[in-house]
Amino acid sequence: MTTTPEGDGPPPEITDAEIAAMHDDPRFVALKRTLFRFTVPVLLASLAWYLVYVLLSAYARDFMGIVLFGNINLGLILGLSQFVVTFWITWGYNRFTARHFDQQSADLRDDIMNGGGR
Amino acid sequence: MNILAQEMSDSNRILTIALFMVMVLVTIGITIRGGRSTKTATDFHSGGRGFSAWQNGFAVAGDYVSAASFLGIAGTIALYGYDGFLYSIGFLVAWIVALLLVAESLRNSGRFTVADALSYRMRQRPVRTAASIATLSISIFYLLAQMVGTGALVTLLLGIKEGETFLGMDAGSAKVAGIVVTGLLMVAYVAFGGMKGTTWVQIFQACVKIGLAFVLAILVLAEYNFNLSALLGDAAQASGQGAAFLEPGLKYGTEVAGDSVQTLWNKLDLISLGLALVLGTAGLPHVLIRFYTTPDGKTARKSVNWAIGLIGMFYLLTLVLGFGAAAMVGKEAIVAENPAGNSAAPQLSQVIGENIAGSTGGAIMLALIASAAFAAILSVVAGLIIACSSSLAHDLYNGVFKRGEASGRQEVVFAKFAAVGVGAIAVVIAVFAQDLNVAFLVALAFAVAASANLPTLLFSLFWKRFNTAGAVAGIYGGLISSIGLVIFSPTFSSTPTSLLGEGVDIAWFPLSNPGLVSIPFGLICAVVGTLMSKETNPTRFASMQVRALTGAGAERAGTH
């Protein structure tokens with residue numbers, strides 16, 4: 001599928017203008033929109049959740065100390081939830097790129113490198 | 001049985017030394033192998049770009065999980081409970097930024113250094129100079145923190161106390177020896193092995209430290225029949241703090257009774273630290289340049305998946321180790337050994353080993369965990385040295401002084417000398433600074449990375465109007481405000497634990513962590529600088545964005 005060189009050898013000669021020309025291609029615009037529609041909300045949500053967690057740790061200590069069962073309190077569960085969210089986002093982004101990004105991006109790259117980008 | 005040094009016979013130390021020696025020999029062997037195939041600048045700076053996703057993921061974990069995380073976080077949890085955990089969460093969540101915005105784009109739009117990506121759209125010399133100064137500042141702060149800690153750690157790991165001698169060394173000379181040996185090794189890895197050798201060393205050391213932490217954590221949990229709640233209960237009880245030990249507030253953002261102003265500052269300081277941790281990682285040059293060792297952007301991104309899995313697992317293990325040490329070693333025994341708690345994990349390993357196989361078991365476990373900590377020190381300092389030498393050679397020497405006209409060979413030779421030079425300077429400073437409290441340098445490195453590097457990197461990838469003046473203003477603004485605020489903070493003067501001690505008081509900035517102010521300040525500098533200059537380069541922006549997202553025109557594996 002991909003025709004860009006995988007092994008040895010320099011990248012094919014390609015000028016900045018040829019690469020820049022792809023910027024206005026509808027396929028590139030669509031790719032960029034698809035990507036940012038995933039990454040920006042996910043990033044903001046995860047940072048917000050982290051900030052909430054830090055703020056709760058600073059200002060809501062009684063809340064964090066609520067015992068759920070045994071010696072496990074809400075603070076520990078919320079802390080562990082940060083791990084779960086991070087792993088979950090990693091998994092989700094991997095799935096997103098496999099479905100909606102990698103192939104599209106490789107196709108555009110091939111187009112540019114073969115001079116078909118315009 | 002709890003007091004490490006008194007129990008620690010010379011034969012135990014010899015076992016630890018022997019394991020250290022094995023580690024040194026294995027890593028030197030790896031370095032020589034890696035160095036043999038290092039010829040071009042791409043080999044030296046980026047390991048030939050042939051590393052697969054899992055390989056780079058392990059190397060990133062090796063690069064990132066320092067002795068401060070390994071021993072420091074476990075120790076902080078052991079002494080202060082929940083608050084140590086707070087630190088590790090910031091270190092992990094930060095990787096989301098690197099995953100979603102930085103790894104793939106950076107790999108696709110740069111060649112060897114952070115400055116490559118930053119200066120792509122800009123006038124080369126001013127931006128390269130600024131980016132290189134930021135890279136060097138971050139890496140050298142981080143390096144000094146590691147090196148100064150190294151001396152104390154090696155004496156701790158060998159159990160040499162004040163007034164004792166071992167192989168003719170007292171505690172003081174053992175510290176110096178630890179710093180010098182670490183310095184020699186890190187320079188050897190980088191100068192002889194280049195990025196290829198260093199990467200394999202880091203992969204090996206990541207396996208050693210994460211593997212051993214895993215074994216120890218499983219053994220701790222086995223003592224409690226894998227009942228985490230029971231472990232936490234024991235830890236809380238042994239700490240003497242009860243339930244408070246499992247809640248936030250013993251170390252960070254502490255509430256000072258009757259002093260609401262200080263309480264406010266303490267809490268803001270916690271938030272400031274949290275911000276720097278979560279935004280700093282994706283701006284750390286020694287981590288970022290690792291992405292250039294992969295064949296393409298997709299592999300760089302997938303290597304972050306591996307890194308997140310490994311680093312996340314590691315911080316979950318430190319949670320078990322920290323609470324395990326609180327429960328099974330106890331605060332008094334830990335503080336008696338090391339007031340900062342760095343000895344918690346080694347002491348825990350000794351107790352666990354003794355429970356399984358008597359004093360021999362204790363000695364073996366202790367030696368194993370000590371070598372895991374040694375691996376953590378070595379792999380991180382090697383990563384820092386290569387970040388410094390790459391930036392000095394590629395950005396300052398070739399990019400700025402030679403205007404990009406030096407050959408790859410000249411650049412590599414310069415980089416090797418730069419590695420020796422930076423290593424020598426770091427050793428000398430660390431030896432003289434070993435009695436100073438430099439723990440703040442890690443937080444400062446994160447603050448500079450978050451204030452100077454991350455905003456400019458993101459603007460240069462995603463903001464069309466961004467230009468040379470904005471990049472330069474953003475980098476220097478973030479850099480100077482972070483350092484400046486720390487100089488006028490309580491970490492530098494006015495308290496007994498300050499760098500300059502209690503006698504000097506120039507502290508007017510109340511927070512120890514500058515991030516809360518310096519990150520927005522760096523951002524504003526970048527925006528204002530941009531808007532004050534008329535320079536724009538739409539073609540360059542368009543081509544950078546296309547490159548970042550598609551990898552078009554990027555150097556791939558095996559390029560010569």
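Residues numbered from 1 in each chain as written. Chains lettered and ligands numbered in written order. Predicted model: local features only at pLDDT ≥ 70, side-chain atom pairs only at ≥ 80, totals over all residues.

## Quick word on the overall build of chain B
Scanning chain B from N- to C-terminus turns up 20 helices and two strands. Over its C-alpha trace chain B gives a radius of gyration of 23 Å, about what one expects of a compact globule, namely 24 Å for 560 residues. Overall, chain B is about 70 × 60 × 45 Å in size when its C-alpha atoms are taken along their principal axes. Restricting to contacts in chain B with at least 6 residues of sequence separation, those with at least 24 account for 80%. (Helix = DSSP H or I, 4+ residues; strand = E, 2+ residues; numbered from the N terminus. Rg over C-alpha atoms; globule rule 2.2 N^0.38 Å. Contact = placed C-beta atoms within 7 Å.)

## Quick look at the UniProt feature "transmembrane region" (unreviewed entry) in chain A
Residue and element names in this part refer to chain A. UniProt marks residues 35-60 and 66-91 with the feature "transmembrane region" (unreviewed entry), using the numbering shown here. Taken end to end, residues 35-60 comprises 96% helix and 0% strand; its first and last C-alpha atoms sit 36 Å apart. Strand forms 19% of residues 66-91 and helix 69%; the C-alpha atoms that close the span are 31 Å apart. (UniProt positions renumbered as here; feature names shortened; annotations may be inferred.)

## Notes on the packing of helix H8 (residues 124-157) of chain B against helix H18 (residues 468-487) of chain B
All names here are of chain B. Two elements in contact, H8 and H18, have axes whose closest approach is 9 Å; the angle formed by their N-to-C orientations is 20°. One finds that H8 runs roughly parallel with respect to H18. Crossing handedness for the pair H8 and H18: left-handed. Taking contact as the criterion, the partners of Pro126, Val127, Ala130, Ala131, Ala134 and Ser137 in H8 are, on H18, Thr468, Ala471, Val472, Ile475, Tyr476 and Leu479. When its residues are assigned to classes, the contact of H8 with H18 shows ten nonpolar, two polar and no charged. (Axes fitted to C-alpha atoms, helices over the stretch in contact; angles between N-to-C directions. Parallel < 35°, antiparallel > 145°, perpendicular 65-115°, else oblique. Left-handed = near helix turned anticlockwise from the far one by under 90°. Nonpolar A, V, L, I, M, F, W, Y, C, P; charged D, E, K, R; others polar.)

## Regarding the environment of alanine 67 of chain B
All names here are of chain B. Inspection of the secondary structure assignment puts alanine 67 in helix H5 (residues 67-80). According to the C-beta neighbour criterion, alanine 67 is buried, with 25 such atoms within 10 Å. It is 8.7 Å that separates the C-alpha atoms of alanine 67 and leucine 153, two residues lying 86 residues apart in sequence. Apart from the residues within four sequence positions on either side, alanine 67 is in contact with Gln146, Gly149, Leu153, Ala373, Ala376 and Ile377. (Buried ≥ 20, exposed ≤ 12 C-beta atoms within 10 Å, placed from the backbone.)

## Some thoughts on helix H2 (residues 10-36) of chain B
In this model, H2 of chain B (27 residues) spans 39 Å end to end at C-alpha, consistent with the 39 Å of a helix rising 1.5 Å per residue. Packed against the buried residues of H2 of chain B are H8, strand S1 (165-166), helix H9 (171-223) and helix H15 (344-401) of chain B. (Expected span 1.5 Å × (residues − 1).)

## A word on unusual backbone geometry
Residue and element names in this part refer to chain B. Even without a glycine there, the phi angle at arginine 49 is positive, about 55°. Among the residues examined, arginine 49 registers 24 C-beta atoms within 10 Å and is labelled buried. Here arginine 403, not a glycine, exhibits a phi torsion of approximately 50°, which is positive. By the secondary structure assignment, arginine 403 is in the loop between H15 and helix H16 (408-432). What makes arginine 403 exposed here is the crowd of 10 C-beta atoms within 10 Å.

## Concerning the interface of chain A and chain B
The interface is formed by 51 residues belonging to chain A together with 49 residues belonging to chain B. Elements represented by at least two residues in the side of chain A that touches chain B include exactly helix H1 (16-21), helix H2 (26-59), helix H3 (61-64), strand S2 (72-73), helix H4 (74-100) and helix H5 (102-113) of chain A. In terms of residues, the side of chain A that touches chain B owes the most to one element, H2 of chain A, which gives 14 residues. Taken together, the residues that form the side of chain A that touches chain B break down as 28 nonpolar, 16 polar and seven charged.

## So, the confidence of the model for chain B
All names here are of chain B. Scored by pLDDT, chain B comes out at a mean of 88, with 97% of its residues at no less than 70. When mean pLDDT is compared element by element in chain B, helix H19 (residues 515-532) scores highest at 96, while helix H1 (residues 4-7) scores lowest at 48. Of the two predicted TM-score estimates for the complex, the pTM is 0.91 and the ipTM is 0.91. (pLDDT = per-residue confidence, 0-100.)

## Points about the nonpolar core
Residue and element names in this part refer to chain B. One finds Leu144, Ile311, Leu321, Ala325, Ala373 and Ile385 to be the most contacted residues of the largest nonpolar core, which totals 225 residues. Ranked by the residues each element gives to this core, the list is headed by H15, at 31 residues. Apart from residues lying up to four places away in sequence, alanine 325 is in contact with Ala74, Ala78, Ile334, Ala344, Ala345, Gln347 and Leu348. (Core = buried A, V, L, I, M, F, W, Y, C linked by C-beta atoms within 7 Å.)

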